[in-house]
Amino acid sequence: MTYRNALSEQAPFARVLHLLVALLALGGFAIELVVALTGGPGTAPTHAERIVRLFSYFTIQSNLLIGGVSLALALDPRRDGPVFRVLRLDALLCIAVTGIVYNTVLRGLVELTGAGMVSNVMLHVLSPVLAVVAWVLVGPRPRVTARTVWWSVVYPIAWLVYTFVRGAATGWYPYPFLDVTELGYAGALINSAGVAVVFLALAWGVRWADGRLPDTDRSRVPA
């Protein structure tokens, strides 16, 4: 079997995997959004504030990012471009960090039932695991350069800045390990640095693996 034929036969499998990731990520978000829209203000002072808080969670943003990127790849596994490469890497790294941080630090802090339990598993377990599996199996690769890695850092830094600025104005922080009210800025920044180290370690790990795992980039198939 030629290299071109092997990649052609892999394309339907790649589409299915990317679509499954998109359905898990966007489906989990849809459940959370419906609950927020129909459940009143909850613990927030207003209903509008509850919606803003929902979109302020790194978990939600990460799942929206991996969901959108995966949907784009399901439609066209050859999708490429400098900006898309950064988005793809960001989506992979952010959803991986979401899974790691939740399952090592945040699991069990809030008791969940019903729809909340279902969406929680989708957003924090199934989506992260399948997203990483999909990248390992079907890529697309190679796509990660040192430049791509450094550009991928912009989004999480912007999210941290937003979180601390909004937290200072409202007194609400999305995660306990970032709560300046409880930890002070020193404690919150130390925790942020720890997460940043994990993010960068994963980023350079992906950069290393990107050049060593099998080439799946159908945009560069030789004649």
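What counts and how
Residues numbered from 1 in each chain as written. Predicted model: local features only at pLDDT ≥ 70, side-chain atom pairs only at ≥ 80, totals over all residues. Heavy atoms only, no water. Axes fitted to C-alpha atoms, helices over the stretch in contact; angles between N-to-C directions. Helix = DSSP H or I, 4+ residues; strand = E, 2+ residues; numbered from the N terminus. Parallel < 35°, antiparallel > 145°, perpendicular 65-115°, else oblique. Left-handed = near helix turned anticlockwise from the far one by under 90°. Contact = heavy atoms within 4.5 Å. Nonpolar A, V, L, I, M, F, W, Y, C, P; charged D, E, K, R; others polar. 1 Å grid on protein atoms, 1.4 Å probe; cavity = no way out; pocket = protein on both sides within 12 Å on 5 of 7 lines; lining within 4 Å. Points joined across faces, edges and corners; volume = space filled by probe spheres on them. Buried < 20%, exposed > 50% of the residue type's maximum accessible area, 1.4 Å probe, protein only. Salt bridge = Lys/Arg side-chain N within 4 Å of Asp/Glu carboxyl O. Phe/Tyr/Trp six-rings, centres within 6.5 Å; stacked < 30°, edge-to-face > 60°.

1. Things to note about the packing of helix 3 (residues 58–75) against helix 4 (residues 82–106)
Moving on, step 1. The contact between helix 3 and helix 4 brings their axes to 8 Å, and the two run at 135 degrees. Looking at the two axes, helix 3 sits oblique to helix 4. Pair helix 3 / helix 4 crosses with left-handed handedness. Across the interface between the two elements, Phe58, Thr59, Ser62, Asn63, Leu65, Ile66, Val69, Ser70, Ala72 and Leu73 of helix 3 pack against Phe84, Leu87, Arg88, Asp90, Ala91, Leu92, Cys94, Ile95, Val97 and Thr98 of helix 4.
Moving on, step 2. Split into classes, the residues belonging to the contact of helix 3 with helix 4 amount to 13 nonpolar, five polar and two charged.

2. What to know about empty space enclosed by the protein
Moving on, step 1. A full pass over the atoms with the stated rule returns one cavity of 30 Å³ or more.
Moving on, step 2. By volume, the largest cavity amounts to about 60 Å³.
Moving on, step 3. What lines the largest cavity is Arg85, Arg88, Leu89, Leu92, Trp135, Pro140, Arg143, Val144, Val206 and Asp210.
Moving on, step 4. Mapped by element, the contributors of at least two residues to the lining of the largest cavity are helix 4 and helix 8 (180–210).
Moving on, step 5. For the lining of the largest cavity, the element with the highest residue contribution is helix 4, accounting for four residues.
Moving on, step 6. Among the residues forming the lining of the largest cavity, the class breakdown is six nonpolar, no polar and four charged.

3. Considering the environment of Pro174
Moving on, step 1. Note on placement: Pro174 falls in the loop between helix 7 (154–170) and helix 8.
Moving on, step 2. Note on Pro174: relative accessible area 9%, which makes it buried.
Moving on, step 3. Each residue touching Pro174, except ones within four places of it in the same chain, is listed here: Ser56, Tyr57, Trp159 and Thr163.

4. Describing the pattern of salt bridges
Moving on, step 1. Throughout the structure, instances matching the rule amount to five salt bridges.
Moving on, step 2. Measuring nitrogen to oxygen at the nearest pair gives 2.7 Å for the salt bridge that ties Glu49 to Arg166. Residue Glu49 is located in helix 2 (residues 47–56), and its partner Arg166 is located in helix 7; the two are separated by 117 residues in the primary sequence. Comparing Glu49 with Arg166, the two get one shared label, buried.
Moving on, step 3. For Arg85, the salt bridge goes to Asp80, with nearest N and O atoms at 2.7 Å.
Moving on, step 4. In this structure Arg85 comes out as partly exposed when scored by relative accessible area, which is 22%.
Moving on, step 5. Taken together, the shared-partner salt bridges in this structure form one network comprising Glu49, Arg53 and Arg166.

5. Considering the layout of surface pockets
Moving on, step 1. In this model, the second largest pocket occupies a volume close to 340 Å³.
Moving on, step 2. Forming the walls of the second largest pocket are 21 residues, and the residues nearest its centre are Phe58, Val97, Pro156, Trp159 and Val195.
Moving on, step 3. When contributions to the lining of the second largest pocket are tallied by element, the ones reaching two or more residues are helix 3, helix 4, helix 7 and helix 8.
Moving on, step 4. Split by residue class, the lining of the second largest pocket holds 17 nonpolar, four polar and no charged.

6. Focus on the packing of aromatic side chains
Moving on, step 1. This model, assessed by the stated rule, comprises nine aromatic pairs.
Moving on, step 2. When the centroid spacing of 5.6 Å and the interplanar angle of 70 degrees are considered together, the rings of Tyr57 and Tyr175 count as edge-to-face. One end of the pair, Tyr57, is in the loop between helix 2 and helix 3; the other, Tyr175, is in the loop between helix 7 and helix 8, and 118 residues separate them in sequence.
Moving on, step 3. Given a relative accessible area of 9%, Tyr175 falls into the buried group.
Moving on, step 4. Ring plane angle 55 degrees and centroid distance 6.4 Å describe the contact between Phe164 and Tyr185, whose orientation is recorded as tilted. Of this pair, Phe164 sits in helix 7 while Tyr185 sits in helix 8, and the two are 21 residues apart along the sequence.
Moving on, step 5. Residue class for Phe164 comes out buried when judged on its relative accessible area of 14%.
Moving on, step 6. Each residue in the set Tyr57, Phe58, Tyr155, Trp159, Trp172, Tyr175 and Phe177 is aromatic and connected to the rest through ring pairs, giving one cluster.

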